[in-house]
Amino acid sequence: MFVFRLDTHSGVPPYLQLVQQVRQAVLLGFLQPGDRLPLIREVVEDLAINPNTVAKAYRQMEQENLVTGRPGQGTFVDERQSAVMPASTYTSLRRGLTTWLRRAYAAGLDEQAVDALLASVHQEMRNEGVA
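Definitions and cut-offs
- Residues numbered from 1 in each chain as written.
- Predicted model: local features only at pLDDT ≥ 70, side-chain atom pairs only at ≥ 80, totals over all residues.
- Heavy atoms only, no water.
- 1 Å grid on protein atoms, 1.4 Å probe; cavity = no way out; pocket = protein on both sides within 12 Å on 5 of 7 lines; lining within 4 Å.
- Points joined across faces, edges and corners; volume = space filled by probe spheres on them.
- Phe/Tyr/Trp six-rings, centres within 6.5 Å; stacked < 30°, edge-to-face > 60°.
- Buried < 20%, exposed > 50% of the residue type's maximum accessible area, 1.4 Å probe, protein only.
- Helix = DSSP H or I, 4+ residues; strand = E, 2+ residues; numbered from the N terminus.
- Lys NZ or Arg CZ within 6 Å of the ring centre and 35° of its normal.
- Salt bridge = Lys/Arg side-chain N within 4 Å of Asp/Glu carboxyl O.
- Core = buried A, V, L, I, M, F, W, Y, C linked by side-chain atoms within 4.5 Å.
- Contact = heavy atoms within 4.5 Å.
- Domains from an automatic or database assignment.

*Asks:* Is there a simple way to think about the layout of surface pockets in this case?
*Replies:* A probe matching the size of a water molecule, rolled over the atoms, marks out where space remains unfilled. The computed volume of the largest pocket comes to approximately 390 Å³. Taken together, 15 residues form the lining of the largest pocket, with F2, R5, Q20, Q21 and Q24 sitting closest to its centre.

Right under this line is the structure:
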């Protein structure tokens, strides 16, 4: 079962955090078409947040065609969704990124510096037409 998390220090509204988590889980293959999301009341109980916040997130996901609500059954990852990369590719890339992050932190970079470095490299790649 998929479990949501909230980062109260991120500055991102809670409903958007929920949407982003589902979007990323689908892209990375953690959620597959037909998988059921937790019921709104389950998310409310787990995260201790307002039911309207969760409902807003679920509506947003439906508008984006990430999920489909089935009355009396729950909310499911839309059948048109599929992972962008195979699990083996994800695992390999994650391993390489973990190694790189360990090196970056060992070199003295903090989280903000790592984020800035990643953003700058990503921007350079977009400018080159790679990303």
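*Asks:* What am I meant to see in the packing of aromatic side chains here?
*Replies:* Any pair of aromatic rings gets described here by the distance separating the centres and the angle formed by the planes. Using the criterion set out here, one finds two aromatic pairs in the structure. Each ring, one from F2 and one from F4, has its centre 5.0 Å from the other, and the planes form 90 degrees; the classification is edge-to-face. For the pair F2 and F4, a shared accessibility class is recorded, and that class is buried. On the numbers, 6.5 Å between centres and 50 degrees between planes, the contact of F4 with Y58 is tilted. Here F4, found in the segment before α1 (14-27), pairs with Y58, found in helix α3 (residues 51-63); they are 54 residues apart in sequence, far enough to count as distant. Per residue, the accessibility class of F4 equals that of Y58, and both read buried. These aromatic residues form a ring-pair network of at least three members: F2, F4 and Y58. In this arrangement the basic side chain of K56 is found over the ring face of Y15, its NZ or CZ atom lying 4.2 Å from the centre. The ring of F76 is capped by R70, whose NZ or CZ atom sits 4.0 Å from the centre of that ring.

*Asks:* Quick question: what am I supposed to make of the pattern of salt bridges here?
*Replies:* Opposite charge on two side chains allows them to pair when their charged atoms are near. One pass over the full model with this rule turns up two salt bridges. Here R23 ties to E64 by a salt bridge, and the two come within 2.9 Å at their closest N and O atoms. Pair noted here: R23 is in helix α1 and E64 is in the loop between α3 and β1 (67-70), with a separation of 41 residues, a long-range link. Using a relative accessible area of 31% as the deciding quantity, one classes E64 as partly exposed. In this structure, the salt-bridge partner of R80 is D78, at a minimum N-O distance of 2.8 Å.

*Asks:* Looking at this structure, I do not really get the nonpolar core. What am I missing?
*Replies:* Among soluble globular proteins, nonpolar side chains are generally buried collectively. Ranked by internal contacts, the top residues of the largest apolar core, which has 21 residues, are F4, L18, V22, L31, L37, Y58 and M61. Those elements that place two or more of their residues in this core are α1, α2 (40-47) and α3. For this core, the element with the most residues is α1, which contributes six residues. In this structure L31 touches F2, V22, A25, V26, L37 and V77, once residues within four positions along its chain are discounted.

*Asks:* How should I be thinking about the side chain of Q17 in this particular structure?
*Replies:* Tracing the backbone shows Q17 in helix α1. The exposure class of Q17 is buried, given its relative accessible area of 7%. Leaving out residues up to four positions away in the same chain, Q17 has contacts with R5, L6, D7, S10 and V12.

*Asks:* Hey, could you run me through the domain arrangement of the protein in this one?
*Replies:* One frequent convention defines the size of an interface as the accessible area lost when the parts assemble. Domain annotation for the protein reports domain 1 (14-83) and domain 2 (87-128). Taken over C-alpha atoms, the centre of domain 1 sits 28 Å from the centre of domain 2.

*Asks:* What am I meant to see in unusual backbone geometry here?
*Replies:* Glycine aside, negative phi is the norm for most residues, and most peptide bonds take the trans geometry. Positioned with a positive phi, A48 is a non-glycine residue whose angle comes to about 55 degrees. By the element assignment, A48 lies in the loop between α2 and α3. A positive phi angle, close to 60 degrees, is found at N65, a residue other than glycine. You can call N65 partly exposed: its relative accessible area is 37%.

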